[in-house]
Amino acid sequence: MTLPYAKSDSYKIFNDIAGRYDLINTVLSGGLHRIWRRELRRKLHAMPDQLILDLATGTADVAIELTRDSRVDKVIGVDLSEGMIAIGQTKLHRLGLENRIQLQTGDAQKLSYKSNRFDAATMSFGIRNVPDVDACLSEIYRVLKPNGRALILEFALPRSRFVRSLHLFYLRNILPGIGRLLSGHGTAYTYLNQTIEEFPYGSNFVGLMAKAGFQNAGFQSLTFGIVNLYWGDKV
Ligand SMILES: C[S@@+](CC[C@H](N)C(=O)[O-])C[C@H]1O[C@@H](n2cnc3c(N)ncnc32)[C@H](O)[C@@H]1O
C-alpha cells in the first residue's frame with residue numbers, strides 16, 4: 001500500500017507536531033523510549049573525546065542522552081524539520097548543554113560534512129522516514145572515521161507469533177487513535193503501523209548495513225522485539 005504522503009515530505013509532518021512530539025512519544029511508548037536510548041548509548045565504543053553525529057535528531061533526546069557519557073565530547077544533531085530542532089534548542093538551553101550539542105538543519109541522505117569526521121553516528125527512529133535508505137547508510141559510512149561506529153534504533157516486529165499479533169493489534173487499532181487525539185494531526189500517526197510493517201528489519205536491515213560497507217554489523221532486539229538496536233563499524 002502506498003502512503004498518502006511522500007517520505008521526502010515526512011519532515012513537514014514533524015514540523016506540524018513538534019510541540020507535542022515528546023509527550024506523544026512518552027505516551028505511545030509507555031516511557032520505554034528512554035530505555036531504548038540508554039541501550040544505544042551503552043553500545044558506544046569506549047574511546048575518549050568522541051565527536052558524534054546524531055541524524056534525524058528531532059527534539060534532541062538522543063543527543064542529550066549521549067552527553068551523559070563522559071567520553072562524549074560533542075554531538076552535532078541534524079534534522080530536516082526546523083520545528084523539531086527549535087524544540088530541541090529550548091531543551092539544550094534549559095539543560096545548559098548548548099556548548100556540547102549543536103543542532104543543524106540537514107538531510108541525512110546528503111550530508112554536508114567532510115568524510116572521516118565522526119567517531120560515531122546515531123539515528124533513532126529516523127531511517128524509516130528517509131526515502132533512500134541505501135544513500136543514508138552510505139552517507140553515515142562516509143562521514144565516520146575509520147573505527148567509527150554507527151548505532152541505529154528502529155521499530156521492528158516481534159519474532160514470537162503471539163507477541164507479534166498483540167503488537168500488530170496495538171499498532172493498527174490503538175496507536176493511531178491515541179496519536180490522532182494527542183497530536184490533532186490526521187496523518188502523523190495514522191500510517192505509523194504501515195511504515196513499520198513495510199520497513200526491513202532484523203537480518204534484512206543488517207544486510208543493508210553490510211552492503212553500505214559496515215563490518216561487524218549486528219543487532220539486538222529490545223522490548224520483545226518491537227524495537228531493534230543495530231550497530232556496524234567502519235574499518
Ligand atoms: C520519529 S522522529 C525521531 C526523532 C528522534 N531521533 C527521536 O528518537 O525521538 C523522525 C525525525 O526524522 C526527521 N527526518 C525525516 N526525514 C529526514 C531526513 N531525510 N534527514 C534528516 N532528518 C529527517 C524528521 O524531521 C523527524 O524529526
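Residues numbered from 1 in each chain as written. Predicted model: local features only at pLDDT ≥ 70, side-chain atom pairs only at ≥ 80, totals over all residues. Heavy atoms only, no water.

**Regarding the site of the ligand**
Taken together, 20 residues lie around the ligand, and Tyr21, Ala56, Asp79, Ala108 and Ser124 are the ones closest in. One of the backbone N or O atoms of alanine 56 is found 2.7 Å from a nitrogen atom in the ligand. In the environment of the ligand, a nitrogen atom lies 2.9 Å from a nitrogen or oxygen atom belonging to the backbone of alanine 108. The protein chains hide 97% of the 590 Å² of surface that the ligand would expose on its own. Tallying contributions element by element places helix H1 (residues 10-29) first for the shell around the ligand, with five residues. (Near = heavy atom within 4 Å. Polar contact = N/O pair within 3.5 Å; in protein donor to acceptor, adjacent residues only side chain to side chain. Areas by Shrake-Rupley, 256 points an atom, 1.4 Å probe, with all protein chains shown as cover. Helix = DSSP H or I, 4+ residues; strand = E, 2+ residues; numbered from the N terminus.)

**Things to note about the layout of surface pockets**
Quantified by volume, the second largest pocket comes out at close to 260 Å³. Lining the second largest pocket, in full, are Asp22, Thr26, His33, Arg34, Arg37, Asp61, Ile64, Glu65, Arg68, Lys91, Arg94 and Leu95. If you list the elements that add at least two residues to the lining of the second largest pocket, you get H1, helix H2 (32-42), helix H3 (61-66) and helix H4 (82-95). Of the residues assigned to the lining of the second largest pocket, the class counts are two nonpolar, two polar and eight charged. (1 Å grid on protein atoms, 1.4 Å probe; cavity = no way out; pocket = protein on both sides within 12 Å on 5 of 7 lines; lining within 4 Å. Points joined across faces, edges and corners; volume = space filled by probe spheres on them. Nonpolar A, V, L, I, M, F, W, Y, C, P; charged D, E, K, R; others polar.)

**Some thoughts on the environment of leucine 192**
Residue position: leucine 192 is located in helix H7 (residues 192-198). Separated by 64 residues in the primary sequence, leucine 192 and arginine 128 have C-alpha atoms spaced 9.9 Å apart. Non-local contacts of leucine 192, meaning those with residues more than four positions away in its chain, are made with Arg128 and Leu175. (Contact = heavy atoms within 4.5 Å.)

**Side note on the nonpolar core**
The biggest cluster of nonpolar side chains holds 43 residues, and the ones touching the most others in it are Trp36, Ile101, Leu153, Tyr189 and Val227. The element contributing the most residues to this core is H1, with six residues. When sequence neighbours within four positions are dropped, the list of residues in contact with tryptophan 36 reads Ser29, Phe125, Leu153, Phe155, Leu222, Thr223, Ile226 and Val227. If you look at the next biggest cluster of nonpolar residues, it comprises 29 residues, including Ala108, Leu111, Val130 and Met209. (Core = buried A, V, L, I, M, F, W, Y, C linked by side-chain atoms within 4.5 Å. Buried < 20%, exposed > 50% of the residue type's maximum accessible area, 1.4 Å probe, protein only.)

**Topic: the pairing of strand S3 (residues 101-105)**
Note that strand S2 (residues 72-79) and S3 share five bridges and pair parallel. By the bridge assignment, isoleucine 76 is partnered in S3 with glutamine 102. As for the winding sense of the linkage, the β-α-β connection from S2 through H4 to S3 is right-handed. (Pairing = 2+ DSSP bridges. Right-handed = clockwise from strand over helix to strand, strands pointing away.)

Coordinates in, geometry out; function isn't part of it.
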